[in-house]
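Coordinate inspection notes
Given next are the chains, with one letter for each unit.
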Amino acid sequence: MDLLSFARGPGMTWAVTIFVVGVLWKLAGLILLRARRDLSEARTPSAWTGLRAILTRSWPRRAFVHGTAFSEVLGYSFHIGFLFTLVFYLPHVLFFEDVFKGLLGVNFQKLFGVHWPYFSGGMVNFFGAVAVAALIALLVHRIVNPVKRLISNFDDYFSWLVTIAPLVTGMLAYGHVGAPYQTLIALHLLSVELLLVWFPFGKLMHTFTVFLSRGTQGMQFERKGATL
Amino acid sequence: MSASDVNTEHPLELEAPRFSVKKPAVRYDKQGEVPDADRVQRAMQNFVRDFGRSAAIYMESCVHCGNCAEACHFYATTGDAKYTPIWKIEPFKQAYKREYGPFAWFYRALNLKSAVTVERLEEWQELIYDSCTVCGRCSLVCPMGIDIASLVSLARHGMAKAGLVPHELWAVAERGAKEGSPLGATPKVFKDRLEWLADDYEIDIPLDKAKADVLCTMSSIEIMKYPESIVATAKIMKHVGADWTFRLDGYEATNFGLLSGNADWQRDMSMKLIDAAIACGAKTLVLPECGHAYGALRWMGANLYGKPLPFRVVHIAEFMAEHVKSGKLKLKKVGKSVTFHDPCQISRRGGAIEAPREVLAALGVELREMEPSKGLNWCCGGGGGVVTIHRADALRYRVFQLKMNQIDETGAELPVTSCSNCRQTFDDGQAHFKWDKTMNSLLEMVADNLEGEAA
Amino acid sequence: MKGETMRNDDRDITLGEYLAARGVSRRAFLKFACSLASLMALPPSAGVAMAEAMAKSKRPSVLWFPFQECTGCTESITRSHEPTIESMIFDMISLDYQETLMAAAGHQSEAAREQAMKDNYGKYLLLIDGSVATGLDGAYSCIGGQTNLSWLVEAAKGAAAIIAIGSCAAYGGIPKANPNPTGARAVSDIVKDKPIVNIPGCPPIPAVLTGVLAHFLTFGSLPELDPLGRPKAFYGETIHDRCYRRPFYDQGRFAKTFDDEGARNGWCLYELGCKGPVTYNACATIKWNAGTSFPIQSGHGCLGCAEPDFWDKGSFYRPLSVAHWGDKATLGGAAAIGVALGAAAALAARRRQDKIAKGD
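Residues numbered from 1 in each chain as written. Chains lettered and ligands numbered in written order. Predicted model: local features only at pLDDT ≥ 70, side-chain atom pairs only at ≥ 80, totals over all residues.

**A short note on the overall build of chain B**
To keep it simple, the criterion reads: Secondary structure follows DSSP: runs of H or I at least 4 residues long count as helices, runs of E at least 2 residues long count as strands, and numbering of each begins at the N terminus. Note that the radius of gyration is over C-alpha atoms, with the globule rule given as 2.2 Å times the number of residues to the power 0.38. Whether a residue is buried, exposed or partly exposed is read from the other C-beta atoms within 10 Å of its own C-beta, which are placed from the backbone; 20 or more gives buried, 12 or fewer gives exposed, and intermediate counts give partly exposed. Here, residue contact means that the backbone-derived C-beta atoms of the two residues sit within 7 Å.
In terms of regular secondary structure, chain B is built from 22 helices and eight strands. The C-alpha radius of gyration of chain B comes to 22 Å, within 12% of the 23 Å expected for a compact globule of 455 residues. Within chain B, the proportion of its 455 residues that are buried is 60%. Once local pairs closer than 6 in sequence are excluded, the contacts in chain B between residues at least 24 apart make up 81%.

Here it is, written out as structure tokens:
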């Protein structure tokens, strides 16, 4: 079997399977832990309003902006660039549409009456470049900044690698640079598979845990009327 | 004093005037004669013992962004990366992954996270105790919403069981557990004080009433260092016509079990207050001007008790605010400019942010807020037990400079707070830096300005 | 001229003499040679060299064996409306065996074949179209009672080179599609010790065969081949890289159905399953029927027919990027396993906690 057929077929099947098993294992393993009920008298009758932390924690409060703005801006540049390339490029859109339709039975067009939007290759490439540039800047910062350097470990660097690889291989494939297209697209798919396989075991899980941790702090603090 | 675990190599001098140790020899305090391997195991397991789902979620979510350092006063004033808040619990993150996380079995089977060593825990002692006041600013800046401060408290559970607490903190905690007060304000001493204060100030101070609506409590800092607070409390209770009492079986509001991380002592100390309130059928338990006392009983008490408390718990500032609103607490106007130092455990972590301000408004002061203020205020640097640790004095004074600048910039005449540990920290800092401002107690300010009464 | 059995004596004259005898002017032949040279990306001077070399050469013996095929390759190669470049193939070579075109049949044709092989041993070119059936020892495809497989093995021994025409001969093609009941194989799977040129396509572009033969006549060797044995001159780039609709791909303009506004505007057919990006062939430049059109120009996506196993790579209408993997059962099972493992881990953690609490 040639590399591309492997990457599109069994490689993807295994990667997605490991991804699904790992993510659900991690999440179930967290959510099903002993939840200690708080018996103290709540200051706020309904703590559900604390879930607003999921949104509000997306930007630091004014008192903290000065020290954190650099990382926040770079972080958003990466996330926005990455998500744009992932979600607004037709070949990717077709992939997800097919997954939703074929595996989950959800037809976006039937539900909403319009097709999921997508943009030109040039636009997608631009956002990809923004994401790559941001990642490189963030890596440099992680190595140079004493706080980040101290607290960083293998997970931080490896997760960085498996995140930048799909972006770089995707852009190379789009530009047909350096090797035959079939090889480039196979490498792109393999890099995505590596990301999927690593995902449940490292900090990429923040994709899901961000809702859990912000939500937990939000509700815990809200019931006390504590500053959120 | 019964047998203590306190290390006798370094004698304690709690009564002596405080001094800064310029460059203390590196010292890893230990309690008890326990093999190192056991210490580590106790540390790891007791960290996990009190874990729940929330703590696990927090432990899982860190993305190593480093933002927490920016919020921490210890990092802000030193630039030393080791004070990064999430770094303070690093060995315990490993423990979590090995002992409790969803992939724990793999971590143990494949030894993916090396077992923590006692040397590493010793190294971490100063990070967990000397350089964390559990102020909670880090929890607010964290983009992932991790309550880092609570994780440091949990880490202290492990350290305490392993006998790795800084030894002055351990000593006062043990004293509190065994004598009823960390600073020697034993029931006998307390009773004596109440008697001479009642005499000196000619005011009724009820003690050990069989039944009362309101149970008042005090902190040993006030009992020993700011006894006027006891008088102030009595005056205000009388002014609002409360049916109140002190009780010798439950008066000590500080909780050095919480601060040192000894969960058993923490429970014992809280249960004393709870049992006393139940014994006298109190509907309200009033906590004094003390920061961690509020967190300990108002928010953690019921969970230690195992059921909702059959009475309300309020901070004295909240009690005063309620009575300002109801009209029972009538105050004279104080025509001064004031800035309010929000105690971390009462405002930011405790949620009682507006109560002191309502009282200050009733006092008619010109309130000039610090920048930042309320829930984002900088910590005084003495909470969480840090003020008891002498070897941390130099660090604490660096942090204190932040506070002096903050307060000076408001141009207010009077700094006011409602936590006596903050007050103690400010007094110590004032002496060290020969600062021109003295911290005031909100409670005493109210007691001094009751309408219709001489100050 | 096509359709006639070549006579033996014609083989002794040169190609130039042969063409002159048929009224093909030197000018026409030079033009033919130059266009061939440019197709193969050779320099202009090569065209003249090719004309001179070919004119002097003796026409090589070519044996064309049809194996498990549909005759589409023959149809493509011979398709012409007037004497064209393609028809000249048959003037350049001595086509000594071609079942569709030769007049003889039955034992006569077999005798002709054996004679040609004997007379030109070591020098003839073997053209194969159709896959080689290997199931039941090759019995699935026989000519004159003998299996294709045995013919190939026998004929390969005396061949100078083998040209596998069409995707069936080059890769196994449609007969090889899952479940491959006849055991169809590519020529290159059977013959390992002779130079083989693959000219895939279903069918292939006629000019490719012409170009390969011309190269052989001129230089006495086969042109530069890619890793799949295809002449790089024709299979060096993907359809996508030469497609006139490429700007629409880059701009993000795609047809969603075969008759929507995008289709009518001639937008990119990626979403309709075009395999252009992963297919190497010259369709987008040389096109078909003397440059008239090619599938994409006519509004249908490329099937990828010049690539191995194109029939087994999923629907022609499923876009390249969609899943070729997974099904509800696998993913559902994975999800269930994940949750179960997580629950087990949480339970173990709780138990461990309880044990620690009790132990105190």
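Still more to cover.
**Quick look at the overall build of chain A**
Scanning chain A for helices and strands turns up 11 helices and zero strands. C-alpha atoms of chain A, sized along the principal axes, occupy 65 × 45 × 35 Å. In chain A, of all internal contacts separated by at least 6 residues, the share reaching a separation of at least 24 is 78%.

**Quick notes on the domain arrangement of chain B**
All names here are of chain B. We apply this condition: For the domains described, the bounds stem from an automatic or database domain assignment.
Partitioning chain B into domains gives domain 1 (36–164), domain 2 (171–323) and domain 3 (328–448). Computed from C-alpha coordinates alone, the two centres of domain 1 and domain 3 are separated by 29 Å. Counting residues at the interface gives 14 residues for domain 1, matched by 19 residues for domain 3. Ranked by residues supplied to the side of domain 1 that touches domain 3, first place goes to helix α4 (residues 73–78) with five residues.

**Brief notes about the domain arrangement of chain A**
Residue and element names in this part refer to chain A. Domain annotation for chain A reports domain 1 (58–136) and domain 2 (153–228). The distance between the C-alpha centroids of domain 1 and domain 2 comes to 12 Å. In this assembly, eight residues from domain 1 lie in contact with eight residues from domain 2. Elements that contribute at least two residues to the side of domain 1 that touches domain 2 include exactly α4 (62–87) and α7 (121–144). In terms of residues, the side of domain 1 that touches domain 2 owes the most to one element, α7, which gives six residues.

**Considering the interface of chain C and chain A**
How we decide: Three classes are used, and their members are as follows: Ala, Val, Leu, Ile, Met, Phe, Trp, Tyr, Cys and Pro are nonpolar, Asp, Glu, Lys and Arg are charged, and the others, Gly among them, are polar.
Taken together, the contacts link 35 residues of chain C with 36 residues of chain A. When residues of the side of chain C that touches chain A are traced back to their parent elements, those giving at least two are α13 (246–251) and α15 (328–359) of chain C. The biggest single contributor to the side of chain C that touches chain A is α15(C), with 16 residues. Counted by class, the side of chain C that touches chain A contains 20 nonpolar, 10 polar and five charged residues.

**With respect to the interface of chain A and chain B**
Put simply, an interface is often sized by how much accessible area is lost when its parts join up. With 47 residues of chain A at the interface, the matching set in chain B holds 44 residues. Of all the secondary-structure elements, those providing two or more residues to the side of chain A that touches chain B are α2 (10–31), α4, α8 (146–151) and α11 (206–224) of chain A. The element that contributes the greatest number of residues to the side of chain A that touches chain B is α11(A), accounting for 11 residues.

**Digging into helix α1 (residues 36–49) of chain B**
Residues and elements named next belong to chain B. What counts here: By this rule, a helix spans an expected 1.5 Å times one less than how many residues it contains.
Between its first and last C-alpha atoms α1 spans 20 Å; for 14 residues at 1.5 Å apiece the expected length is 20 Å, and the two agree. Where burial is concerned, most of α1 is hidden: 10 out of the 14 residues are buried. Turning to α1, its buried residues are Arg39, Val40, Arg42, Ala43, Met44, Gln45, Asn46, Phe47, Val48 and Arg49.

**Quick word on the sheet that holds strand β7 (residues 414–417) of chain B**
All names here are of chain B. Here is the rule: A pair of strands is labelled paired if DSSP reports no fewer than 2 bridges between them. Geometry is summarised by axes, namely lines fitted to C-alpha atoms with helices restricted to the contacting stretch, and by angles between N-to-C directions that run from 0 to 180 degrees.
If you walk across this open sheet you meet the four strands as β6-β5-β7-β8, and the pairing is parallel. The sheet terminates laterally at β6 (366–367) and β8 (440–441), the two strands that pair on one side only. Bridge analysis of β7 against β8 gives two bridges, and the strand direction is parallel. Of the residues in β8, the one forming a bridge with threonine 417 is serine 441. Against the sheet, helix α19 (residues 354–362) makes contact with β5 (337–341) and β6, and its axis sits at roughly 165° relative to β5, the strand it touches most.

**A short note on the sheet that holds strand β9 (residues 196–199) of chain C**
Residue and element names in this part refer to chain C. Here we have five strands laid out as an open sheet, ordered β2-β1-β3-β7-β9, and parallel in their pairing. The open sheet is flanked by β2 (94–98) and β9, the only strands paired with a single partner. The sheet shows a mean angle of 20° between the axes of neighbouring strands, direction not considered. Of the strands in this sheet, β1 (61–66), β2 and β3 (124–129) touch helix α6 (residues 106–119), which is tilted by about 135° from β2.

**Looking at the packing of helix α2 (residues 26–39) of chain C against helix α3 (residues 44–56) of chain C**
Residues and elements named next belong to chain C. Put simply, the rule reads: Convention used here: angles under 35 degrees read as roughly parallel, angles over 145 as roughly antiparallel, angles from 65 to 115 as roughly perpendicular, and any remaining angle as oblique. When the near helix sits turned anticlockwise from the far one by under a right angle, the crossing is termed left-handed; a clockwise turn instead gives a right-handed crossing.
In contact at an axis separation of 8 Å, α2 and α3 are set at 130° when each is read in the N-to-C sense. Considered as vectors, α2 and α3 are oriented oblique to each other. As for how α2 packs across α3, the hand of that crossing is right-handed. On α3, the residues touching Phe29, Leu30, Ala33, Cys34, Leu36, Ala37 and Ser38 of α2 are Pro44, Ala46, Gly47, Met50, Ala51 and Met54. Along the lines of polarity and charge, the residues of the contact of α2 with α3 split into 11 nonpolar, two polar and no charged.

**Examining unusual backbone geometry**
Geometrically, the link from B:Glu371 to B:Pro372 is a cis peptide bond, its omega value of -5° lying close to zero. Looking at the element boundaries, B:Pro372 is found in the loop between β6 and α20 (393–410). Here the bond from C:Cys202 into C:Pro203 is cis, since omega is 0°, no more than 30 degrees from zero. Backbone geometry places B:Asp208, a non-glycine residue, at a positive phi of 60°. In this fold, B:Asp208 is placed in the loop between α11 (187–201) and β1 (214–216). By the C-beta count within 10 Å, which is 15 here, B:Asp208 ends up partly exposed. Backbone geometry places B:Lys374, a non-glycine residue, at a positive phi of 50°. The topology assignment puts B:Lys374 in the loop between β6 and α20. When the 15 C-beta atoms within 10 Å are taken as the criterion, B:Lys374 is described as partly exposed.

**Here's the deal with α2(C)**
An α-helical turn contains 3.6 residues, so any two residues separated by three or four positions project in the same direction. Residues and elements named next belong to chain C. Defined as follows: This arc corresponds to the set of directions leading from the helix axis out to the C-beta atoms.
Taking 1.5 Å of rise per residue, 14 residues should cover 20 Å, and α2 covers 20 Å from first to last C-alpha, within 8% of that figure. Along α2, the residues classified as buried are Phe29, Phe32, Ala33, Leu36, Ala37 and Leu39. With its buried residues spanning 160° around the axis, α2 presents them on a single face. Those residues of α2 that are buried are in contact with α1 (15–21), α3 and α10 (206–219). Immediately downstream of α2, the backbone of alanine 41 shows phi near 60°, a positive value.

**Brief notes about the packing of helix α18 (residues 316–326) of chain B against α19(B)**
Residue and element names in this part refer to chain B. Two elements in contact, α18 and α19, have axes separated by 8 Å at closest approach and are oriented at 50°. One element, α18, and the other, α19, form an angle in the oblique class. Of the two possible hands of crossing, α18 and α19 adopt the one that is left-handed. Contact with α18, carried on its side by Ala317, Glu318, Met320, Ala321 and Val324, involves Ala355, Pro356, Glu358, Val359 and Ala362 of α19 and no other residues of that element. Across the contact of α18 with α19, the residue classes break down as eight nonpolar, no polar and two charged.

**Comments concerning the nonpolar core**
Test applied: Note on terminology: a nonpolar core is any set of buried Ala, Val, Leu, Ile, Met, Phe, Trp, Tyr and Cys residues joined through C-beta atoms within 7 Å.
Within the largest apolar cluster, 194 residues are counted, with the highest numbers of intra-cluster contacts made by B:Leu287, B:Met320 and B:Val359. For this core, the leading source of residues is α2(A), giving 11 residues. Here B:Met320 is in contact with B:Ile236, B:Leu329, B:Val359 and B:Val446, once residues within four sequence places are set aside.

**Notes on the pairing of β9(C)**
A regular strand places its side chains on the two faces of the sheet in alternate fashion. All names here are of chain C. Burial along β9 is two-sided: the residues Ile196 and Asn198 and Val197 and Ile199 are all buried. Where strand β7 (residues 159–165) and β9 come together, four bridges link them in parallel fashion. Within β9, the residue paired with isoleucine 163 across the bridge is valine 197.

**A short note on the confidence of the model for chain A**
We apply this condition: Scored from 0 to 100, pLDDT reflects the predictor's confidence in each residue.
Residue-level pLDDT values for chain A average 93, and 100% of them are 70 or greater. Looking across chain A, the model is least confident in helix α6 (residues 108–112) of chain A, with a mean pLDDT of 83, and most confident in α7(A), with 97.

**Describing the confidence of the model for chain B**
Residues and elements named next belong to chain B. With 93% of its residues at a pLDDT of at least 70, chain B reaches an overall mean of 91. Here α1 stands out as the least confident element of chain B, with mean pLDDT 80; strand β3 (residues 284–287) is the most confident, with 98. For residues 17–24, every residue scores under 50 in pLDDT, and the model assigns this stretch nine contacts once sequence neighbours within four places are set aside. Interface scoring of the predicted complex returns ipTM 0.94; its pTM is 0.88.

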